Amino acid sequence: MNLFLLVAVLAGAHMRANTQVAFTNNPVYKITYGSSFNGKTPERQNKIWVFAGPHQTLLTTEKDFSGKASYPFELSVVNRLNNRQELFAFLNDHETIASSDTAWRSQHFDFLDETKEILGYRCKKAKTSVNSNTIELWYTDQLPVKGAPSILGQNLGLVLEQIRNGNNIIRAEKIEKQKMPRPSFMARPTLQTDLLSYRDAIWNSRFTTIPLFTNQVINFSDSSKSSGDVLRFANGTIVVKKVKIPALDSGSTIFLDLREQSNGDAYDRTGTVFLIPTDTRQSFLDGLKNGAKTLPRYTNGNGKTYQGVVATPDYTPPLELMRFFTPFGVKQFNHIQLKGKQWQEAVPYRQDITDFAAALNNKEVYIGVFIGNYDKGGHKITANLTVHKGGPDKPQQTIRPLFNTLNIMEMAGQDYATMFDNENGLTVHFRIDHPLENAHLLYTTTGHGGWGNGDEFVPKKNTILLNQKVVFDLVPWRQDCGSYRLYNPASGNFNNGLSSSDLSRSNWCPGTVTNPFRIELGHLEAGDYTLQVKIPQGKPEGSSFSAWNVSGILVAD
């Protein structure tokens, strides 16, 4: 009789079956495997358990099978009567999915003459390669069952040792003959699905997804209005949403994902995803509602006034989560054909924003997206946050946005950041009430001025001083823009064989994220500080002018 008999799993997606198994009274062989890497055995490792019978083998782990594992977890059954591997995934307390796979039947092995003894059984050696990894299997045929600690070598015999690349070893520690246990979770109803959907469901269950915007149009229109939970400002070029962020573990890693397509606009545009701090008397949200000129004013002696760009005791500028740049017309202009060019359907932007966890943790926050454009069709975006547990614990941190010169309200009259034409540049005064450890400034900078002598195409040194001491002195420059040509179908082509999207720029490319520089500041005593950003901004030519979008966020323990 079989080790166990799975209740029939119905074919086709969305058909329900049962994971409950009917056990026989016949004993099975339970093999316990331990692992080591480079000769070191980890403490408290989750042992692999294999239950092998005459016709079926169950693969699981000690924690999974004993009900001590956290979700999601899997087990699989190799059924030699129909040469299939039945897969079961337990996603949470109430969701279980199943699928099947036959790829394991096509495994190829080289059989070697070497033998050795493991747990008193004479073992033979087989060798294979998987994804450029060399796998050695030691198996015995001295037992009346077959099995292995992975899907590899299931039909060789009973694999008692598996070695990957000579240093990662899984080895049988104990073989017991016993009756088959009856885990309660195997009685759950199961949703049968195709193999690709099964793997995708497991992957997505390993982290938390927090939706921000879905197929959201960001365009320029006099008739643009807020609707539902999405607030629209500056003629539709800014969208804002109030989002509830759950409590985050200290070891969580947070990613921001954004996907962009042209919905009519053919040009490369500046984009930003930002969080609006509301912990001071006045916030950027007030400016969105009441106009840019109601925000705190900043002057540096060049005769111009800038709105809402630096922190004051009563105002905190937007906290920039991601700076991104749209390409030239991806998706909407894919009809422009060039031989040998297969245009992409959308641009995916993805950035680690774990540094800002303290600003998100267990809070309701306003998160917005801006794309500067004057096009009625504009752009279409989808954005979300993903939270991934399991990283190293991080100390509690303080986050303080100090400046952000990107004129997010450009289409509502907020001035361009041209203050760097003055030797004073951008100056921020702030006070620290308590000493800070491991302080660093996250500094994002991009230069703009899209003609030959404009700062977009001319390298310019950025210098940052803290209390008159230089802490950063570097020319931000991107020379890899040609790597993103396939996102830019509407990019202009020149007589010299280059395309506009190929050209090097001041720290950005059409279709990319601009990463912040991490400027280490170390220990900061309590007291008053002055931070200054200096850039030798180029002079205007006719109606063309240069500007620098810079943001700085102080992060510390």
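Residues numbered from 1 in each chain as written. Predicted model: local features only at pLDDT ≥ 70, side-chain atom pairs only at ≥ 80, totals over all residues. Heavy atoms only, no water.

Q: Quick rundown of the pattern of salt bridges? Include the residues and the values.
A: The full count for this structure, using the stated rule, is 23 salt bridges. Linking aspartate 355 and arginine 518 is a salt bridge whose minimum nitrogen-to-oxygen distance equals 3.4 Å. Separated by 163 residues along the polypeptide, aspartate 355 in the loop between strand 24 (347-352) and helix 4 (357-360) and arginine 518 in strand 33 (residues 517-524) bring together distant segments of the chain. Through salt bridges with shared partners, one network takes in Glu114, Lys125 and Glu136. (Salt bridge = Lys/Arg side-chain N within 4 Å of Asp/Glu carboxyl O. Helix = DSSP H or I, 4+ residues; strand = E, 2+ residues; numbered from the N terminus.)

Q: If you had to explain the sheet that holds strand 29 (residues 436-448) to someone new, which residues and values would you point to?
A: The four strands lie next to each other as 27-35-29-33, forming an open sheet whose pairing is antiparallel. Across the chains shown, the open sheet's two edge strands, defined by having one partner strand only, are strand 27 (398-404) and strand 33. On average, each strand axis in the sheet is tilted by 20 degrees relative to the strand beside it, whichever way the strands run. (Pairing = 2+ DSSP bridges. Axes fitted to C-alpha atoms, helices over the stretch in contact; angles between N-to-C directions.)

Q: Let's hear about the sheet that holds strand 28 (residues 426-432): which residues, and what values?
A: In space, the four strands of this open sheet follow the order 28-34-30-31, with antiparallel pairing throughout. The sheet terminates laterally at strand 28 and strand 31 (469-474), the two strands that pair on one side only. Here the strands of the sheet are splayed against their neighbours by 15 degrees on average, with no regard to which way each runs. With seven bridges joining them, strand 28 and strand 34 (residues 527-534) adopt antiparallel strand pairing. If you follow leucine 426 over to strand 34, its bridge partner there is valine 533.

Q: How would you sum up the state of the cysteines? Please name residues and give values.
A: Disulfides are covalent bonds that connect the sulfur atoms of two cysteines. This structure, assessed with the given rule, holds one disulfide. Between the sulfur of cysteine 481 and that of cysteine 509 lies a disulfide, 2.1 Å long from S to S. One quick way to see it: the torsion about the S-S bond of cysteine 481 and cysteine 509 is about -80 degrees, and its sign makes the bridge left-handed. One end of the pair, cysteine 481, is in the loop between strand 31 and strand 32 (513-514); the other, cysteine 509, is in the loop between strand 31 and strand 32, and 28 residues separate them in sequence. In this structure, cysteine 481 and cysteine 509 share a single accessibility class: buried. (Disulfide = S-S within 2.5 Å. Buried < 20%, exposed > 50% of the residue type's maximum accessible area, 1.4 Å probe, protein only.)

Q: Could you give me a rundown of the environment of aspartate 101, with the residues and numbers involved?
A: By secondary structure assignment, the location of aspartate 101 is in strand 9 (residues 96-101). Between the alpha carbons of aspartate 101 and proline 489 there is a distance of 40 Å; along the sequence they are 388 residues apart. Those residues in contact with aspartate 101, other than ones at most four positions away along the chain, are Arg84, Gln85, Leu87, Leu195 and Arg199. (Contact = heavy atoms within 4.5 Å.)

Q: Please set out the nonpolar core residue by residue, giving values where relevant.
A: Membership of the largest hydrophobic core comes to 39 residues, with the highest contact counts inside it found for Val273, Leu321, Phe324 and Val369. If we skip the residues at most four places from it in the chain, phenylalanine 324 touches Leu258, Arg269, Thr270, Gly271, Thr272, Val273, Tyr349, Val369, Phe370, Ile371, Thr512 and Val513. (Core = buried A, V, L, I, M, F, W, Y, C linked by side-chain atoms within 4.5 Å.)

Q: Describe the confidence of the model for the protein chain, with residues and values.
A: Mean pLDDT over the protein chain stands at 92; residues scoring 70 or higher make up 96%. This stretch, residues 1-23, has a pLDDT under 50; its non-local contacts, to residues over four places away or in other chains, come to 71 contacts. (pLDDT = per-residue confidence, 0-100.)

Q: I'd like a rundown of helix 2 (residues 195-205), residues and numbers included.
A: In an α-helix, one turn spans 3.6 residues; hence positions three or four apart end up facing the same way. Here helix 2 has its buried residues at Leu195, Tyr198 and Ile202. Around the axis of helix 2, the buried residues are gathered within 60 degrees of arc, so they sit on the same side. What points out from helix 2, more than 90 degrees from its buried face, is the exposed set Leu196 and Trp203. Packed against the buried residues of helix 2 are strand 7 (73-79), strand 8 (84-90) and strand 9. (Arc of directions from axis to C-beta.)

Q: Just give me the short version of the environment of asparagine 46, but keep the residues and values in it.
A: Residue placement: asparagine 46 occurs in the loop between strand 4 (28-37) and strand 5 (48-52). On a C-alpha basis, the gap between asparagine 46 and tyrosine 33 in space is 9.3 Å, while along the polypeptide they are 13 residues apart. A polar atom in the side chain of asparagine 46 sits 3.0 Å from the side chain of threonine 61. There is a polar contact of 2.9 Å between the side chain of asparagine 46 and the backbone nitrogen of lysine 63. (Polar contact = N/O pair within 3.5 Å; in protein donor to acceptor, adjacent residues only side chain to side chain.)

Q: Before we move on, could you go through the packing of aromatic side chains and cite the residues and values that matter?
A: Throughout the structure, instances matching the rule amount to 17 aromatic pairs. Where phenylalanine 472 meets phenylalanine 517, the ring centres are 5.2 Å apart and the plane angle is 50 degrees; that geometry is what we call tilted. Placement of phenylalanine 472 in strand 31 and of phenylalanine 517 in strand 33 is noted, with a sequence separation of 45 residues between them. Overall, phenylalanine 472 belongs to the buried group, its relative accessible area being 9%. The structure contains a cluster of three or more aromatic residues connected by ring pairs, namely Phe403, Tyr443, Phe472 and Phe517. A cation over an aromatic ring shows up here: arginine 505 above the ring of tryptophan 508, its NZ or CZ 5.1 Å from the ring centre. (Phe/Tyr/Trp six-rings, centres within 6.5 Å; stacked < 30°, edge-to-face > 60°. Lys NZ or Arg CZ within 6 Å of the ring centre and 35° of its normal.)

Q: Please set out the pairing of strand 26 (residues 379-388) residue by residue, giving values where relevant.
A: For strand 26, a buried count of eight out of ten residues is recorded, marking the element as mostly surrounded by other parts of the structure. Inspection of the sheet shows strand 19 (residues 253-262) paired to strand 26 by ten bridges, in the antiparallel sense. If you follow arginine 259 over to strand 26, its bridge partner there is threonine 382.

Q: Describe in detail the side chain of glutamate 456, supporting the description with residues and values.
A: Position of glutamate 456 among the secondary structure elements: in the loop between strand 29 and strand 30 (462-466). Those residues in contact with glutamate 456 that lie beyond four places of it in its chain are Gly447, His448, Gly449, Gly450, Trp477, Ser504, Arg505, Ser506 and Trp508.

Q: Quick rundown of the environment of arginine 505? Include the residues and the values.
A: For arginine 505, the location among the structural elements is in the loop between strand 31 and strand 32. The exposure class of arginine 505 is buried, given its relative accessible area of 1%. A sequence separation of 29 residues divides arginine 505 from proline 476, and the C-alpha atoms of the two residues are 8.8 Å apart. Other than its neighbours up to four places away in sequence, arginine 505 contacts Asp268, Phe328, Glu456, Phe457, Trp477, Arg478, Cys481, Ser500 and Pro510. Polar contacts involving the side chain of arginine 505 include one to the main-chain carbonyl oxygen of serine 500, which spans 3.1 Å.

Q: Run through the pairing of strand 29, naming residues and quoting values.
A: Within strand 29, eleven of the 13 residues are buried, which leaves it mostly tucked inside the rest of the structure. Bridge count between strand 29 and strand 33: six bridges; the pairing is antiparallel. Directly across from leucine 441, in strand 33, lies its bridge partner isoleucine 519. Pairing of strand 29 with strand 35 (residues 547-556) involves nine bridges; the strand directions are antiparallel. Across the sheet, residue histidine 440 finds its bridge partner in strand 35, namely valine 555.

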